[in-house]
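# Architecture at a glance
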Amino acid sequence: MVVGNFKAWQKVLSDAKRLESASLTRFFVEDELRAKKMTHSVSDGKSEIIVDFSKQLIDDQALQNLLALAAEAGIIERFAEMCDGKIVNTTENQPALHTALRADAKTSIRIGGENAVTQVHDELAKVKKFVDATRREKRFKNLVNIGIGGSDLGPRLINDVLSNVGATDFRCFFVANIDSSEINAVLAQCSPEETLFVVCSKSFGTAETLANARLARKWLAQGLNLDLASRKLADHFVVVTANPTKAEESGVVAANTFKIWPWVGGRYSIASAMSLVPTIAFGFAAFEEFLSGMRSIDEQMRSTKPEQNIALILGLIDALNFGTARYPSLAVVPYVSALRLLPNYLQQLVMESNGKSVRLDGTEVSVKTSPVVWGGVGTNAQHAFMQMLHQGSQTAAVDFIGFAHVPNTDAAMHDDLTANMLAQASALAFGRGSQEAKNDPTANHRRMPGNRPSTVMIGAELSPRSLGAIVAIYEHRVFVHGVVAQINSFDQWGVELGKVLAGEIAAQIGGDGSSYSTPHDSSTRSLVSWYLSRRKPEK
Ligand code: F6P
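Across its full length, the protein chain carries 20 helices and 13 strands. For the protein chain, the C-alpha radius of gyration of 25 Å lies close to 24 Å, the compact-globule estimate for 539 residues. Each principal axis of the C-alpha distribution contributes one length, and for the protein chain these read about 75 × 60 × 55 Å. By the burial criterion, 53% of the 539 residues in the protein chain qualify as buried. Residue pairs at least 24 apart in sequence account for 73% of intrachain contacts in the protein chain once pairs closer than 6 positions are excluded. Accessible area of the protein chain: about 24,100 Å², with a carbon and sulfur share of 52%. Distance between charge centres in the protein chain, computed from 55 positive and 56 negative side chains, equals 2 Å.

Attention now goes to the site of the ligand. In the vicinity of the ligand there are 13 residues, among which Ser-151, Ser-201, Ser-203, Thr-206 and Glu-352 approach most closely. With respect to the ligand, the backbone of Gly-150 contributes an N or O atom lying 2.8 Å from an oxygen atom. Take Thr-206: an N or O atom from its side chain is 2.5 Å from an oxygen atom of the ligand. Classifying every residue of the shell around the ligand gives 2 nonpolar, 8 polar and 3 charged.

On to the pairing of strand 2 (residues 48-52). Pairing of strand 1 (residues 39-43) with strand 2 involves 5 bridges; the strand directions are antiparallel. When the sheet's bridge partners are listed, Ser-41 is paired in strand 2 with Ile-50. Where strand 1 folds back on strand 2, the antiparallel hairpin that results is connected by 4 residues, among which Gly-45 adopts a positive phi of roughly 90 degrees. Relative to strand 13 (residues 454-461), strand 2 runs antiparallel, the two being bridged by 4 bridges. Among the inter-strand pairings, Ile-49 is bridged to a residue of strand 13, identified as Gly-459.

In terms of burial, strand 12 (residues 397-405) is largely enclosed, as 7 of its 9 residues are buried. Two elements, strand 10 (residues 329-334) and strand 12, share 5 bridges in a ladder whose sense is parallel. From the neighbouring strand, Leu-330 faces strand 12, where its bridge partner is Ala-397. In this sheet, strand 13 lies alongside strand 12 in parallel orientation, the contact comprising 7 bridges. Bridged to His-405 within strand 13 is Glu-461.

Spatially, the 5 strands line up as an open sheet ordered 6-5-7-8-9, and their pairing is parallel. Since the sheet does not close on itself, it has two edges, and those belong to strand 6 (171-175) and strand 9 (256-259), each with one partner. Strand-to-strand twist of the sheet, defined as the mean angle between neighbouring strand axes without regard to direction, takes the value 20 degrees. Sheet topology places strand 7 (residues 195-200) next to strand 8 (residues 237-241); 4 bridges connect them, and they run parallel. Looking across to strand 8, one finds that Val-199 is bridged to Val-239. Strand contacts of helix 7 (residues 153-165): strand 5 (142-146) and strand 6, with the helix running at about 150 degrees to strand 6, the strand carrying the most contacts.

Turning next to the packing of helix 5 (residues 75-83) against helix 12 (residues 284-303). It is the contact of helix 5 with helix 12, at a shortest axis distance of 9 Å, that shows an interaxial angle of 135 degrees. Judged on the interaxial angle alone, helix 12 and helix 5 are oblique. Contacts between helix 5 and helix 12 involve Ile-75, Ile-76, Phe-79, Ala-80 and Cys-83 from the former and Asp-298, Met-301 and Arg-302 from the latter. Taken together, the residues that form the contact of helix 5 with helix 12 break down as 6 nonpolar, no polar and 2 charged.

This next bit is on the domain arrangement of the protein chain. The assigned domain composition of the protein chain is domain 1 (11-73 + 304-432 + 447-485), domain 2 (98-285) and domain 3 (493-534). Placing a centre on the C-alpha atoms of domain 2 and another on those of domain 3 gives a separation of 32 Å.

The 6 strands are arranged 1-2-13-12-10-11 in an open sheet whose pairing can be described as mixed. What marks the edges here is a single partner per strand, and that holds for strand 1 and strand 11 (372-375). The average angle at which neighbouring strand axes cross in this sheet is 20 degrees, direction not considered. Seen against the sheet, helix 16 (residues 411-430) touches strand 12 and strand 13 and runs at an angle of roughly 155 degrees to strand 12.

Two measures describe an aromatic ring pair: the distance that separates the ring centres and the angle between the ring planes. This model, assessed by the stated rule, comprises 11 aromatic pairs. The interplanar angle of 55 degrees and the centroid separation of 6.1 Å between the aromatic rings of Tyr-335 and Phe-400 together place this pair among those described as tilted. Here the residue Tyr-335 occupies a position in the loop between strand 10 and helix 14 (342-354), and Phe-400 occupies one in strand 12, the gap between them amounting to 65 residues. We note that Tyr-335, like Phe-400, is buried. Aromatic rings pair up to connect Phe-197, Trp-219 and Phe-237 into one cluster.

Looking at helix 5, one finds that the buried residues are Ile-75, Phe-79, Ala-80, Met-82 and Cys-83. Projection of helix 5 onto a plane perpendicular to its axis shows the buried side chains occupying an angular sector of 160 degrees, all on one side.

About the thresholds
- Residues numbered from 1 in each chain as written.
- Predicted model: local features only at pLDDT ≥ 70, side-chain atom pairs only at ≥ 80, totals over all residues.
- Heavy atoms only, no water.
- Helix = DSSP H or I, 4+ residues; strand = E, 2+ residues; numbered from the N terminus.
- Rg over C-alpha atoms; globule rule 2.2 N^0.38 Å.
- Buried < 20%, exposed > 50% of the residue type's maximum accessible area, 1.4 Å probe, protein only.
- Contact = heavy atoms within 4.5 Å.
- Areas by Shrake-Rupley, 256 points an atom, 1.4 Å probe, with all protein chains shown as cover.
- Lys, Arg positive; Asp, Glu negative; His and termini not counted.
- Charge placed at Lys NZ, Arg CZ, Asp CG, Glu CD.
- Near = heavy atom within 4 Å.
- Polar contact = N/O pair within 3.5 Å; in protein donor to acceptor, adjacent residues only side chain to side chain.
- Nonpolar A, V, L, I, M, F, W, Y, C, P; charged D, E, K, R; others polar.
- Pairing = 2+ DSSP bridges.
- Axes fitted to C-alpha atoms, helices over the stretch in contact; angles between N-to-C directions.
- Parallel < 35°, antiparallel > 145°, perpendicular 65-115°, else oblique.
- Domains from an automatic or database assignment.
- Phe/Tyr/Trp six-rings, centres within 6.5 Å; stacked < 30°, edge-to-face > 60°.
- Arc of directions from axis to C-beta.

Structure (structure tokens):
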């Protein structure tokens, strides 16, 4: 039962206040070893990532108090409980076992009398068999993922990275929105004979996914000159779901169905069969590498001492930065185009997980929870929003993410790319005074205040492994901040009402308008009327 804030939280709040007058420049002058002390690494022998948080507005005292908070909240113990299958998603009476998706086959986690890890590995073996056969047979050239949220962003993100570091004969497409122009643009590039649709939906109740799957089926039937009820259509469909019964009822008949489990959240499902499309395109070995990268962070989170535990420390810094309302948002700026979707992916991971305002016991939170997560790829960001971060009247905490080596890129241009990332982090932290130009009337406008926080994360090489590690670091950061705020990071009740209302409004719009009687608010009512008077229904 939650009974109030952790005692150490008071100290963290005091630190946030005290650090309002702190100066990053002074921190670095006073401690030559600061960068060294505040840079940690994680390596599994095959990939390496360093994380430098020395440009966060934090000092030793604040760090010690955050670590004391971690100890008091029992964060590592809570993490171990989560990994061991304890029901941490209390409102849905479920464990949150995404770490089981990449656990070593020898691990045992008993859920409902069965070993969850055995189930995962059995399913992985099925996925591998299907992937190998699909690659060998070369029947399909086009792979179309139909899914939204976690059933879209994860496979898309992996696909972007694998496309950058490897080659494939498949053409991969991703369709998420209920805006039919999206799927139509994809179908226009595909021939029905050579197209495999992978319909990903944990619940199989998601309106967007069902609508797109129905449209795909119709297109396929027309293109192949088959009856809509023909069983032959099933060969062009794969389903990934935790609800196979609902999938069957929905009419999406698939020759192959892969499982995910109720104990994996949609936004935590990237390490499951949900990532089938990139796994077919680039091979099972690449997906296994991705899983290994995630596992290396799971292991570090569980067993590395707190002072060197990257995800723990970053999660604690999130609690300091966002939990105390020091900064309203987190800007994620990867300096590699292959990670252009990372801000979107993290938007769902962080904001859907921690965008809560009641604690586990239903009482109101007193620690701020999710930051707004946004961002974009560097250097493009420098020509768009970085101005605000450097000189705006409010700023954001920034995560810069880069790599020492990105395969298949021009080495000299890559050096420039990295130089830009390091320059941005340095400019944000240390700024530039206006002394050089005292008589210049524009001096104040040119002044760069500095003292703006960022973390720099650099991987040795962009690879499925390093992507896995980065994603897992963020997953566990979210967990840490969630434990500090004492919330349930694994449900998402806030998305439900919109879905229900959309269903009601769609039913009214879809009718002749005469059934338009639900007592919605007057604004919605008049917007619907206006819409009905202007729309052009299909003839
Ligand atoms: O937006 C709510 C949500 O349930 C996400 O959590 C999930 O990733 C997405 O919708 C898609 O859900 P499903 O995989 O069940 O179709």
